[in-house]
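Listed below are the residues making up each chain.
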Amino acid sequence: MRPFTLNYAVPMGVQATVTPYRFDASRQLNVLPDGRPAVSDRALLLAAGTTTSTAGSQTHFDD
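Cut-offs and rules
- Residues numbered from 1 in each chain as written.
- Predicted model: local features only at pLDDT ≥ 70, side-chain atom pairs only at ≥ 80, totals over all residues.
- Heavy atoms only, no water.
- Helix = DSSP H or I, 4+ residues; strand = E, 2+ residues; numbered from the N terminus.
- Buried < 20%, exposed > 50% of the residue type's maximum accessible area, 1.4 Å probe, protein only.
- Contact = heavy atoms within 4.5 Å.
- Areas by Shrake-Rupley, 256 points an atom, 1.4 Å probe, with all protein chains shown as cover.
- Salt bridge = Lys/Arg side-chain N within 4 Å of Asp/Glu carboxyl O.
- Lys, Arg positive; Asp, Glu negative; His and termini not counted.
- Polar contact = N/O pair within 3.5 Å; in protein donor to acceptor, adjacent residues only side chain to side chain.

1. So, the overall build of the chain
Counting its regular elements, the chain contains 1 helix and 2 strands. Split into buried and exposed, the 63 residues of the chain put 14% on the buried side. Within the chain, contacts between residues separated by at least 24 positions form 15% of all contacts whose residues are at least 6 apart in sequence. Accessible surface, the chain as shown: approximately 5,600 Å² in total, 59% of it carbon and sulfur.

Laid out in structure tokens, this is it:
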């Protein structure tokens, strides 16, 4: 039996992406190359939808 959703799913190739931010462990947040917090870049948030990292999920149960 084939799930209903697979009738409409279109496979996409793997796309190479470059993350324009990095996690700063001392500040505990994602930062842009110029040092600003990644959440301050509206264009990045619109394109990516989020700037979450996996750092918190390893230490906090409510992330």
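Text resumes after the structure shown.
2. Brief notes about the pattern of salt bridges
Inspection of the entire model under this criterion finds 1 salt bridge. Between Asp-34 and Arg-36 there is a salt bridge, with its nearest N and O atoms 2.9 Å apart. The exposure class assigned to Asp-34 is exposed, which follows from its relative accessible area of 53%. Note on Arg-36: relative accessible area 38%, which makes it partly exposed.

3. Concerning the side chain of Asp-24
With respect to the helices and strands, the residue Asp-24 is situated in strand β1 (residues 22–24). Despite being buried, Asp-24 has no salt bridge partner; Arg-27 is the closest side chain of opposite charge, sitting 4.2 Å away. Of note is the side chain of Asp-24, whose polar atom sits 2.8 Å from the side chain of Ser-26. Among all residues touching Asp-24, those that are not within four sequence positions of it are Leu-29 and Val-31.

4. Some details on the environment of Leu-44
Looking at the element boundaries, Leu-44 is found in helix α1 (residues 42–48). A relative accessible area of 10% means that Leu-44 is categorised as buried.

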